[in-house]
Amino acid sequence: MTNGIPAERYASVDRISWYKPDVLAKCTVMLLGVGALGNHIAQHLALNCVRILVVDRDTVSLSNLTRSPLFTEAVVGRWKAEVAAERLRIMNPSTAVHFIAGDIQYDVGLAHFLHSDIVIGGLDSRLARMLANRYARLAGIPYIDGGIDGESLTGRVCVHLPGDEDACYECSVNPASYTDVGLTYPCDNELEVPGVPTLSFGAAFIASVQVAEAVKLLLGMNEYVNPAVEMRWDMLHHTVLKTRVEKNPDCMVDHKEHINNTVRLPVPVDQCTVGDIFLRFAPACLGKNPVLDFHRDISVLNCTHCGKVTLALARPKAQHACTCSTRLVQIGYLHALSRSDAQQFLDIRLSDIGIPDADIISICGDGANYWLEFPATLCSKVTEERNI
Amino acid sequence: MKNRIRFTRLERDYCDLRKLETECATLFSIDAMRGNPPDTYVLYYNLTTLVKTSTGIEQHTGVRAVLYCPVDYPIDGVKVLIQSPENIFHPNIRYPHVCLSRWVPSQSLCEVVRRLAMLVTYQSYTMVEQESLDREACAFARRRQDTLPVDHRQLVRNNGMRIEVW
């Protein structure tokens, strides 16, 4: 055994000169989406001993079974992320697998990105890809995007490295596309956009390429990775097209923005109040009126019956009720709170606001800024309070 | 973490809004609530809208709203909430939520402010019930098109040009 990996299991691949399962076993990949692509990506990662954090907000449906080898009829209706994690642990008991059955935007704390080495997308929407790209850049880790189309039997892979040198995913996004992805409650009724139809073998092919790129990056073989070059395979006509994605000076993503030097807090979000942040954890050097920034949009809600004002993560279509059972009315939004403004919210726990496990917030004042990172506790549990 | 793109946009928006406020002082004013540069404003419109009372649909002058630029602004669209009147009656409004049109990141806050003015005065509103937030108001507006808008004034520059800041 080396690093918990049974030597016998890897005896044959040990003959591959550049392959290092013991190095891979120390790496963590965040897999966003465990649908058609994600199933195959997850299997390859597990077989190669890479630690995996699986994120998916959906449940298994019958129609998934044509292209998802990790799912069976017996698990229809269960969370995809949870089922995938169970199956991957059976597939390779040496692989550490955690999961979050939740939404990338609302349920995944930024520290999960910060402590992953790579983000791989098995995603099927432009919005989810944009979010994956932004969070990976903030955390300073690569994002490997992939996509497939069963009808034309094509697929594509593109590696986006952090930093300002190369194009990010959003550099190639047409400005008009933002209108399509920017569905905002309450105006827009849910658009029933049918997913792109996919086939298991097309998904398996593209997933394999994504994992190959990930393994190369994890083993430090960066010279074999082409960042910001989209590789597109036409499996029908046996053609490969490589296209450089040019860096867009008008890109909506700040390529230089990133999180660094976080201060790890001793308590998770469900044991920390807004008051704790200001009174226990804010360094004294921040002055008398420091500002706490959640870096998330928070709804300010008012109870028309008892007058209580509270905070809740701004999730689409969320309904909130007061402790007195009256429906709360939204009176505003915020993402930051100064010490003086926070007086009425000091007793609210961050988990009650909806701040996800292992999230990162900041506090600033008098010219100084500190990143505060909450410890992770939920990686193996289903996030129950969701609103999809 | 200071997103330069958000910061630059908010700075520009603030200057443009102040200019608009000066030029349309009789029709509207703003209070910057939070942020430096501000990302949350309270808007006061001295314009006429409709409200639903126990005696029917009546005209009401004065609308107050909150405008918030989210964390991912300008990628994410501006959010607007009506603060008063609570009984505002409009196809695109279900107090406190407002349905402006689809967000385009190139839009400025001035454009949002102007659109909201057109909305509350019934210079613009949806006629399609499935798209509306208040179906009763939508049916009302369709029946009473000849009496609308309830206020013809627009946020215009002193020279009479409609303000279009893109």
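Looking only at helices and strands, chain A has 10 helices and 14 strands in total. Rg of the C-alpha trace for chain A: 22 Å, near the compact-globule value of 21 Å for 388 residues, within the 12% margin. Considering only C-alpha atoms, chain A reaches an extent of 65 × 50 × 45 Å along its principal axes. Per-residue burial over chain A gives 44% buried out of 388 residues.

Nonpolar side chains in soluble globular proteins tend to be buried together. Residue and element names in this part refer to chain A. Residues Leu31, Ala42, Ile52 and Val54 are the most contacted members of the largest nonpolar core, which totals 153 residues. Considering each element in turn, this core owes the most residues, nine residues, to helix α8 (residues 200–218). Built from parts of two domains, this core gets at least three residues from each of domain 1 (7–244) and domain 2 (262–373). Apart from residues no more than four positions distant in its own chain, Val54 is found in contact with Leu31, Val34, Ala42, Ala81, Ala84, Ala85, Val97 and Phe99.

Residue and element names in this part refer to chain A. This prediction gives chain A a mean pLDDT of 89; 92% of its residues lie at or above 70. Ranking the elements of chain A by mean pLDDT puts helix α7 (residues 177–181) last, at 70, and strand β4 (residues 118–121) first, at 98. Here residues 379–388 scores under 50 on pLDDT; set against residues more than four positions off or in separate chains, the count is 22 contacts.

What follows covers the domain arrangement of chain A. Residues and elements named next belong to chain A. Domain parsing of chain A yields domain 1 (7–244) and domain 2 (262–373). Placing a centre on the C-alpha atoms of domain 1 and another on those of domain 2 gives a separation of 32 Å. Listed as interface residues are nine residues of domain 1 and, on the opposing side, 11 residues of domain 2. For the side of domain 1 that touches domain 2, the elements supplying multiple residues, two or more each, are α4 (104–107) and α5 (110–114). Among the elements that line the side of domain 1 that touches domain 2, the one with the most residues is α5, at four residues. Residue classes in the side of domain 1 that touches domain 2 are distributed as six nonpolar, two polar and one charged.

A few words on the sheet that holds strand β1 (residues 28–32) of chain A. Residue and element names in this part refer to chain A. With mixed pairing, eight strands are arranged side by side in an open sheet as β3-β2-β1-β4-β5-β6-β7-β8. This sheet does not close on itself; its edge strands, each paired only once, are β3 (97–100) and β8 (239–244). Neighbouring strand axes in the sheet, compared pairwise and without regard to direction, differ in orientation by 15° on average. Relative to β8, strand β7 (residues 229–234) runs antiparallel, the two being bridged by six bridges. Among the inter-strand pairings, Glu230 is bridged to a residue of β8, identified as Thr243. Contacts from helix α3 (residues 80–91) reach β2 (51–55) and β3 within the one sheet, and its direction differs from that of β3 by about 175°.

Before going further, it helps to examine the interface of chain A and chain B. When the parts of a complex come together, some accessible area is lost, and that lost area is often used as the size of the interface. Contacts between the two partners involve 22 residues from chain A, matched on the other side by 25 residues from chain B. A per-element tally of the side of chain A that touches chain B places strand β12 (residues 328–338) of chain A first, with seven residues. Grouping the constituent residues of the side of chain A that touches chain B by class yields 10 nonpolar, eight polar and four charged.

All names here are of chain A. Looking at where Ile120 falls in the secondary structure, it is placed in strand β4. For Ile120, a count of 33 C-beta atoms within 10 Å gives the class buried. Taking the C-alpha atoms as reference points, Ile120 and Val291, separated by 171 residues in sequence, lie 34 Å from one another. Apart from the residues within four sequence positions on either side, Ile120 is in contact with Val29, Leu31, Ile41, Ile144, Gln210 and Ala214.

Residue and element names in this part refer to chain A. Running from amino to carboxyl end, helix α2 (residues 36–47) crosses α8 at an angle of 45°, the nearest separation of the two axes being 8 Å. The angle between the axes of α2 and α8 places the two elements in the oblique class. When you trace α2 past α8, the crossing you get is right-handed. Across the interface between the two elements, Ala36, Leu37, His40, Ile41, His44 and Leu45 of α2 pack against Ala203, Ala204, Ile206, Ala207, Ser208, Gln210 and Val211 of α8. Classifying every residue of the contact of α2 with α8 gives nine nonpolar, four polar and no charged.

Compared with an ideal rise of 1.5 Å per residue, which puts 14 residues at 20 Å, helix α6 (residues 126–139) of chain A spans 20 Å between its outermost C-alpha atoms and is within 8% of the ideal. Restricting attention to buried positions, one finds in α6 of chain A the residues Ala128, Arg129, Met130, Leu131, Ala132, Asn133, Arg134, Tyr135, Ala136, Arg137, Leu138 and Ala139 of chain A.

This brings us to the confidence of the model for chain B. Mean pLDDT over chain B works out to 89, with 93% of the residues at or above the 70 mark. For this predicted complex, the interface score ipTM comes out at 0.88, alongside a pTM of 0.89.

Time to look at α8 of chain A. Residue and element names in this part refer to chain A. For α8, built from 19 residues, the straight-helix expectation of 27 Å at 1.5 Å per residue is met to within 8% by its first-to-last C-alpha distance of 26 Å. Taken as a whole, α8 has its buried residues at Gly202, Ala203, Ala204, Ile206, Ala207, Gln210, Val211, Glu213, Ala214, Val215, Leu217 and Leu218. Of the residues flanking the end of α8, it is Gly220, one or two places downstream, whose phi is positive at about 75°.

Residue and element names in this part refer to chain A. Across three bridges, the pairing between strand β10 (residues 291–303) and strand β13 (residues 360–365) is antiparallel. Looking across to β13, one finds that Val291 is bridged to Cys364. Note: β13 against strand β14 (residues 368–373), six bridges, orientation antiparallel. Opposite Ser362, over in β14, you have Trp371 as the bridge partner. Connecting β13 to the next strand, β14, in antiparallel fashion are two residues, including Asp366 with a positive phi near 50°.

Cut-off values and rules
Residues numbered from 1 in each chain as written. Chains lettered and ligands numbered in written order. Predicted model: local features only at pLDDT ≥ 70, side-chain atom pairs only at ≥ 80, totals over all residues. Helix = DSSP H or I, 4+ residues; strand = E, 2+ residues; numbered from the N terminus. Rg over C-alpha atoms; globule rule 2.2 N^0.38 Å. Buried ≥ 20, exposed ≤ 12 C-beta atoms within 10 Å, placed from the backbone. Core = buried A, V, L, I, M, F, W, Y, C linked by C-beta atoms within 7 Å. Domains from an automatic or database assignment. Contact = placed C-beta atoms within 7 Å. pLDDT = per-residue confidence, 0-100. Nonpolar A, V, L, I, M, F, W, Y, C, P; charged D, E, K, R; others polar. Pairing = 2+ DSSP bridges. Axes fitted to C-alpha atoms, helices over the stretch in contact; angles between N-to-C directions. Parallel < 35°, antiparallel > 145°, perpendicular 65-115°, else oblique. Left-handed = near helix turned anticlockwise from the far one by under 90°. Expected span 1.5 Å × (residues − 1).

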